[in-house]
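# Structural overview for review
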There are 2 protein chains.
Amino acid sequence: MNAVNTNSANVAERRLAPPSLAISTVIFALRPSETSGRPTLWLPLVRRIREPYKDMWALPGGPLAHDESLQDAASRNLRETTGLAPQYLEQLYAFGGLHRSPTQRVVSIVYWALVQPTEAALADESENVRWFRADRLGELAFDHNAIVEYALWRLRNKMAYGSIAYHLLGEFFTLAQVREVYEAVLDRQLDPANFRRQIKATPEIEETGEYLQGGKHRPPRLYRFTGTPGLGPDNRSTP
Amino acid sequence: MNAVNTNSANVAERRLAPPSLAISTVIFALRPSETSGRPTLWLPLVRRIREPYKDMWALPGGPLAHDESLQDAASRNLRETTGLAPQYLEQLYAFGGLHRSPTQRVVSIVYWALVQPTEAALADESENVRWFRADRLGELAFDHNAIVEYALWRLRNKMAYGSIAYHLLGEFFTLAQVREVYEAVLDRQLDPANFRRQIKATPEIEETGEYLQGGKHRPPRLYRFTGTPGLGPDNRSTP
């Protein structure tokens, strides 16, 4: 393609061109707070190296290639940004407002990934890729603050249905760790005894014979999640 | 645009072109079964008047115009197909498989609408727009059978969270009518006494002082739904 981007005839042409398509990915993981050490939600962002919004932070993403499925493009975002392979990766929403980008009409199909702490600890960081606390992002490029806000809202909603918390933990976890995930996502403290009672009543949470090693008190029991995740058609193996 | 579609150079060019974007809409309404008269799920389809899949039935939709939001395009689909304005219209999913269309790569962002029976009764039909029972569609164009199947699956899932049924009914309804919606969507009979007990325990279902007129028995009480619908960001008035 020969695109000369500097004259106004081309700007007008781009305005009338069909909307172009991009894939972006919101990648959540629990990491310790810098201050309290408690688990909090973090996500990696990429510094933009060209206009528009040059030097601002943005969600990882880019144009959809002609030979790449939506899910594959999102997996590639995840891999290129963090070096990780997706465990939980699901379509979030398509954002298609008229004024999302100052230079052309772009529709972004957004995926979200949940990454376990052991994986997140291995994730690459660099000059142009950095992890940020979800509640302290500053101003991002495009409408990406609104996209992250929507992803957080969906995450809080999904928590109510159970399985989602376990994608932020490893295979085995204590009930206190589950509570910490809920506290990080909901951003409020929960009563430990009530929470414990509720979680133990969830049929998908299974007691194991294992205990967490290394504390000074009676070691807490480890549990495991046995349900199935996700509502996207990709997780139902239809289209 | 000067598109000459008949030579193979152009076919190869289209294959390497960026994916194009379409909006399609699944529109569900309850209508009486032709045989039993019981409420069943129906949706309007449009006969294709050009290749590919000429003369086959397809979901209403088309390319996204450069000056139209995703939601506006879906509203237009609904209006052009049925003459109706949307009451409940929400983004369903973006379908972006590599081989959805034989001639070019198309990503379809699919919306779904729920239409009340009084509205559905007013909907236009014509030679090229016809309503079909959701469980008796035959073979549709593109991957539209899979899209409808996914929409049905999501509808069944959403039923579990309550509000969705009421978008298929009018403002006032009897508990038996609610049960009929559930039976139509879930495609199985439910125990009336159990169902009644469950629904009466739902805080968002409010008794009114009105009764259904015109039966020969004691007239059943009318209820009203007081909750809020929808999970899309459009329903949260963010992006």
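What comes next is a walk through the structure. Bear in mind the structure is a predicted one, so any value in this text is a computation, not a measurement.

### Considering the overall build of chain A
- Looking only at helices and strands, one finds six helices and ten strands in chain A.
- In chain A, of all internal contacts separated by at least 6 residues, the share reaching a separation of at least 24 is 62%.
- Of the roughly 12400 Å² of accessible surface on chain A, a fraction of 50% belongs to carbon and sulfur atoms.

### Examining the nonpolar core
- With 130 residues, the main nonpolar core has A:F28 and B:F28 as its most contacted residues.
- Setting aside its immediate chain neighbours within four residues, A:F28 contacts A:L41, A:W42, A:L43, A:W112, A:A113, A:L114, A:V115, A:A134, A:A151, A:L152, A:L155 and A:L168.

### As for the environment of A:L222
All names here are of chain A.
- You can see L222 is positioned in strand 10 (residues 221-225).
- The spatial distance from the C-alpha of L222 to the C-alpha of E206 is 8.9 Å, given a sequence separation of 16 residues.
- If we ignore the near neighbours within four places in the chain, the residues touching L222 are F172, F173, T174, E207, T208, E210, Y211 and L212.

### Quick word on the packing of helix 5 (residues 175-186) of chain A against helix 6 (residues 192-200) of chain A
All names here are of chain A.
- The geometry of helix 5 relative to helix 6 is characterised by a closest axis approach of 10 Å and an angle of 105° between their N-to-C directions. One finds that helix 5 runs roughly perpendicular with respect to helix 6. Two secondary-structure elements touch here, helix 5 through L175, V178, R179 and Y182 and helix 6 through P192, F195, R196, I199 and K200.
- Classifying every residue of the contact of helix 5 with helix 6 gives six nonpolar, no polar and three charged.

### Concerning unusual backbone geometry
Residues and elements named next belong to chain A.
- E51 connects to P52 through a cis peptide bond whose omega is -5°.
- Mapped onto the elements, P52 comes out in the loop between strand 2 (39-47) and strand 3 (57-58).
- With phi around 75°, D55 is a residue other than glycine that occupies positive phi space.
- Even without glycine at this site, F142 takes up a positive phi of about 50°.
- Its place among the elements puts F142 in the loop between strand 7 (129-133) and helix 4 (144-159).
- Relative accessible area serves as the criterion here: at 22%, F142 is assigned to the partly exposed category.

### Observations concerning the side chain of A:E183
- With respect to the helices, strands and loops of the structure, A:E183 is situated in helix 5.
- Those residues in contact with A:E183 that sit more than four places away from it in its chain are A:R38, A:R188, A:Q189 and A:L190.

### Let's talk about the sheet that holds strand 10 (residues 221-225) of chain B
Residues and elements named next belong to chain B.
- Spatial ordering of the open sheet is given by 8-10-9, a layout of three strands whose pairing is antiparallel. For this open sheet the edge positions go to strand 8 (172-173) and strand 9 (205-211), each flanked by a neighbour on one side alone.
- Where strand 8 lies against strand 10, two bridges are found, and the strand directions are antiparallel. Pairing of F173 across the sheet is with Y223, part of strand 10.

### Let's talk about the pattern of salt bridges
Residues and elements named next belong to chain A.
- For the structure shown, the criterion picks out 24 salt bridges over all chains.
- Its salt-bridge partner being R76, residue E80 comes within 3.5 Å of it at the nearest N-O pair. One end of the pair, E80, and the other, R76, are both in helix 2 (residues 70-82), four residues apart, so they sit about a helical turn from each other.
- A relative accessible area of 56% means that E80 is categorised as exposed.
- Take R76: its relative accessible area is 21%, and that puts it in the partly exposed class.

### A few points about the packing of aromatic side chains
Residues and elements named next belong to chain A.
- In the structure shown here, the tally under the stated rule is 15 aromatic pairs over all chains.
- Seen in terms of ring centroids, Y53 and F142 are 4.8 Å apart; in terms of plane orientation they differ by 65°. Their pairing is edge-to-face. Placement of the pair is Y53 in the loop between strand 2 and strand 3 and F142 in the loop between strand 7 and helix 4, with a sequence separation of 89 residues.
- Given the relative accessible area of 28%, Y53 is considered partly exposed.

Reading the values: the criteria
- Residues numbered from 1 in each chain as written.
- Chains lettered and ligands numbered in written order.
- Predicted model: local features only at pLDDT ≥ 70, side-chain atom pairs only at ≥ 80, totals over all residues.
- Heavy atoms only, no water.
- Helix = DSSP H or I, 4+ residues; strand = E, 2+ residues; numbered from the N terminus.
- Contact = heavy atoms within 4.5 Å.
- Areas by Shrake-Rupley, 256 points an atom, 1.4 Å probe, with all protein chains shown as cover.
- Core = buried A, V, L, I, M, F, W, Y, C linked by side-chain atoms within 4.5 Å.
- Buried < 20%, exposed > 50% of the residue type's maximum accessible area, 1.4 Å probe, protein only.
- Axes fitted to C-alpha atoms, helices over the stretch in contact; angles between N-to-C directions.
- Parallel < 35°, antiparallel > 145°, perpendicular 65-115°, else oblique.
- Nonpolar A, V, L, I, M, F, W, Y, C, P; charged D, E, K, R; others polar.
- Pairing = 2+ DSSP bridges.
- Salt bridge = Lys/Arg side-chain N within 4 Å of Asp/Glu carboxyl O.
- Phe/Tyr/Trp six-rings, centres within 6.5 Å; stacked < 30°, edge-to-face > 60°.

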